[in-house]
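Chain residues, written in single-letter form:
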Amino acid sequence: MTERYDYVIVGGGSAGSVLANRLSADPGATVLVLEAGRFDTRFDPLIHMPAALPYPIGNPLYDWRYASEPEPHLGGRRIDHARGKLLGGSSSINGMIFQRGNPMDYERWAAEPGMAAWDHAHCLPYFKRMETCTVGADAWRGGSGPLVLERGPATSPLFGAFFEAVQQAGHHLTDDVNGYRQEGFAKFDRNIHRGRRLSASRAYLHPVLRRPNLTVRTLTMVTGLRTTRAATGPRVTGVDYVRGTRRHHVRASVEAGEVLVCGGAINSPQLLQLAGIGDPALLEPLGIEVLAALPGVGANLQDHLEVYLQHACRQPVSIAPWLRHRHKPRIGLEWLLGRRGVGASNHFEAGGFVRANDDVAYPNMMVHFLPIAIRYDGSRPAADHGYQVHIGPMYSDVVGPLAIRSRDPFTHPALRFNYLSTATDRREWVEMVRAARHVLGQPAFAPFSAGAVRTAKFCRKLGSTRTVFAPPEVPTSSAYTGMRSIPIGDLPGSSRM
C-alpha cells in the first residue's frame, strides 16, 4: 500500500526546514520531509564548530560538489559550487554570515508584474519573525524568532585597523548592516549561538522532530514527480524516491496532497526538468515527455563571484599560528568543553556594503574582512601572519542556464553562469577591486601591512571583450545563487510558482 501525506517536502535544507516547522504546527496535517543527504548529527564538529567551516566544503559526505561548465569569459575555467548535502542544506556548510538583502532589492522585485507583495514593507515582518537579534530588537530587528543571531566580536587589532581604514577611504560606519541603514561598515550578524553553528535545520527542524505528524527521512533521493492529467493541466500527486546508498537501496513512492520542491537553485529545476516540466527543446531529445512547456525552468540561473585580496602582516596579531597542527588539539578541546576559543567563531566578524561607482542608487559591493590570509580550502599562502578582504557584487546582471544531461537523476546537471559576460559586470569588477585596494592602502594599515600576497589581475581596457578577471583563486558564494521565479510561467498577476 502506497503511503500518503498531506505535504511532502523535497529537500531538508533551509526552505524545507522552515516549511516542515510551519506546516507540522497544524496537528491535523501530516508532513514528510525527504532529504538526499545525511542527518546533521549533533556530534559532528565539522558541521557545528564554526571555525571548521573549510572542512565540509568539497567533502562528498557534506557537499554535492557541483561544478560549472567551462565558463567562456573565464578562459574556459570550471568553477566549483559547494551546496550542502545534509539536513540544513547549505546553511550547514556555509560561512555563517547572516545578511538580508538591501531594502531596495525588494522594491525592485515589487515593481515586476504580480510581485507587489514582495516589497520591503511586506517582507520586513517575516524577517523580524524569523530572528532573535542578540543585541536587541527594534523597529527593524526581531527578538523572539528561532534563528539566534550573534554579533561578531571583532576585537582583533586588525579589525580596529579595518574600521579605521574604511573611514579614511571615505566610507562611514553603520550601526547594523541588517537594520535601518545597510550602507557602511559594521560588525556582522552570524548564525552562531553559544559557540555553535545554528543552521536552518537546528533552528527550525530539530526543535519539532518529536511532533507525531512530522516524518523526516534522510539518505532519500527523490528521483521523480508522480503526476496525473486534469482538466486544468497536469497535477503533481506524489514522488518517487530511492532510499539508501547506490549499492544498497530501496525504491518507493509516496502520494501527497501537495508536493513542495525545496531542493534549492540547482536541485529544484533539475527535478522539474526530469519530470517533464521545462523547455521542450531540452526535454524531447532526452526522451522525456513534456508535461508543461515552461522554457523558464532552469533559465536565469544567477550567482556572484567573490575574490579576496591578501596582505602579509608585519605584526604577530593574526590568528595564523592557530592553524598549526600542534594547536588543533587545544582548539578542539576548548570548543568541546566550553564552546569557546578560536573554534567558536567563523572569524568573518565584520565587513560592509558600499557603492563601487556613483551610478548606482544603493550598494552594489559587499566587503568582509578576515584576520588571516587563507584559502577557502584551508591552506595558507607563503606568508605566516596576514589578513584579507573579500569582495563581490551584490546584484550582477549576468545569467545562465541549468540543463539536465540525461534522464538519470544522479547525474549532475550542466551549469553555466556566464560570469563576466556583460560590460557592466566587467566594469564593476574592476571598480570593486580598486575600491578594496584603496581601503587596504590607507594609513591605518601601515603598521601592519607587509605587502600584498595575492590579488586579482585586471585588464585596463574596460570595454574589451577579453577576460578581465583572472585571479589565482576564484571562490564562489552559495549564499546568493538563485533561480528567478517569475519567467518560469504561472498565472498572470500571481507571484506563486
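It should be emphasised that the depicted structure is a prediction, and the values quoted were computed from it without experimental measurement.

Asker: How would you explain the sheet that holds strand S15 (residues 249–261) if you had to name every residue and give the values?
Answerer: Overall, mixed pairing links the six strands, which are arranged S12-S2-S1-S15-S14-S13 in an open sheet. Looking at which strands have only one partner, the edges of the open sheet turn out to be strand S12 (214–217) and strand S13 (220–230). Between one strand and the next, the sheet's axes are offset by a mean angle of 40 degrees, whatever the strand orientation. Examined bridge by bridge, strand S1 (residues 3–10) and strand S2 (residues 31–34) share four bridges and lie parallel to one another. Residue pairing for S2: tyrosine 7 is matched across the bridge by valine 31. Along the sheet face, helix H1 (residues 14–23) touches S1, S2, S12 and S15 and points at about 140 degrees away from the line of S1. The sheet strands contacting helix H7 (residues 264–274) are S1, S13 and S15, and the helix crosses S13 at an angle near 45 degrees.

Asker: Break down helix H9 (residues 328–338) for me, with residues and values.
Answerer: Helical periodicity: at 3.6 residues per turn, an α-helix aligns residues three or four positions apart in one direction. Those residues of H9 that fall on the buried side of the exposure criterion are Ile331, Gly332, Glu334 and Trp335. Within H9, the buried residues cover an arc of 165 degrees as seen down the axis, which keeps them to one side. Facing away from the buried side of H9 by over 90 degrees, the exposed positions are Pro329, Leu333, Leu336 and Leu337. Where H9 is buried, its residues contact helix H2 (45–48) and strand S11 (196–197). One or two positions beyond H9, positive phi appears at arginine 339, with a value near 50 degrees.

Asker: Let's hear about the pattern of salt bridges: which residues, and what values?
Answerer: Applying the stated criterion to the full structure yields 20 salt bridges. Close ionic contact of arginine 217 with glutamate 3 constitutes a salt bridge, the shortest N to O distance being 2.7 Å. Note that arginine 217 is positioned in strand S12 and glutamate 3 in strand S1, a separation of 214 residues in sequence. Arginine 217 gets classed as buried once you look at its relative accessible area, which sits at 12%. Two residues, arginine 4 and aspartate 6, come together in a salt bridge whose shortest N-O distance is 3.9 Å. Assessed through its relative accessible area of 28%, aspartate 6 is described here as partly exposed.

Asker: So what's going on with the nonpolar core? Residues and values would help.
Answerer: Membership of the largest hydrophobic core comes to 46 residues, with the highest contact counts inside it found for Phe162, Ile391 and Phe445. Looking at this core, the elements with two or more residues in it are helix H5 (157–168), H7, strand S18 (301–305), strand S19 (307–313), strand S20 (350–354), strand S21 (365–370), strand S22 (386–393) and helix H10 (423–440). At seven residues, H5 tops the list of elements feeding residues into this core. Setting aside residues up to four positions removed in sequence, phenylalanine 445 forms contacts with Leu158, Ala161, Phe162, Ala165, Phe369, Tyr387, Val439 and Leu440. Core analysis: the next-biggest nonpolar cluster, separate from the first, contains 17 residues, Val8, Val10, Leu34 and Ile277 among them.

Asker: Any details on the packing of aromatic side chains? Residues and values, ideally.
Answerer: Scanning all chains against the criterion turns up 14 aromatic pairs. Here the aromatic rings of tyrosine 362 and tyrosine 395 are separated by 5.1 Å at their centres, their planes lie at 35 degrees, and the arrangement is tilted. Of this pair, tyrosine 362 sits in the loop between S20 and S21 while tyrosine 395 sits in the loop between S22 and strand S23 (402–403), placing them 33 residues apart in sequence. The class of tyrosine 395 is partly exposed, set by a relative accessible area of 24%. Taken together through their ring pairs, the aromatic side chains of Phe159, Phe162, Phe163, Phe185, Phe369, Tyr387 and Phe445 make up a single cluster. Directly above the ring of tryptophan 335 sits arginine 339, whose terminal nitrogen or CZ lies 4.3 Å from the centroid.

Quick notes on the rules
Residues numbered from 1 in each chain as written. Predicted model: local features only at pLDDT ≥ 70, side-chain atom pairs only at ≥ 80, totals over all residues. Heavy atoms only, no water. Pairing = 2+ DSSP bridges. Helix = DSSP H or I, 4+ residues; strand = E, 2+ residues; numbered from the N terminus. Axes fitted to C-alpha atoms, helices over the stretch in contact; angles between N-to-C directions. Contact = heavy atoms within 4.5 Å. Buried < 20%, exposed > 50% of the residue type's maximum accessible area, 1.4 Å probe, protein only. Arc of directions from axis to C-beta. Salt bridge = Lys/Arg side-chain N within 4 Å of Asp/Glu carboxyl O. Core = buried A, V, L, I, M, F, W, Y, C linked by side-chain atoms within 4.5 Å. Phe/Tyr/Trp six-rings, centres within 6.5 Å; stacked < 30°, edge-to-face > 60°. Lys NZ or Arg CZ within 6 Å of the ring centre and 35° of its normal.

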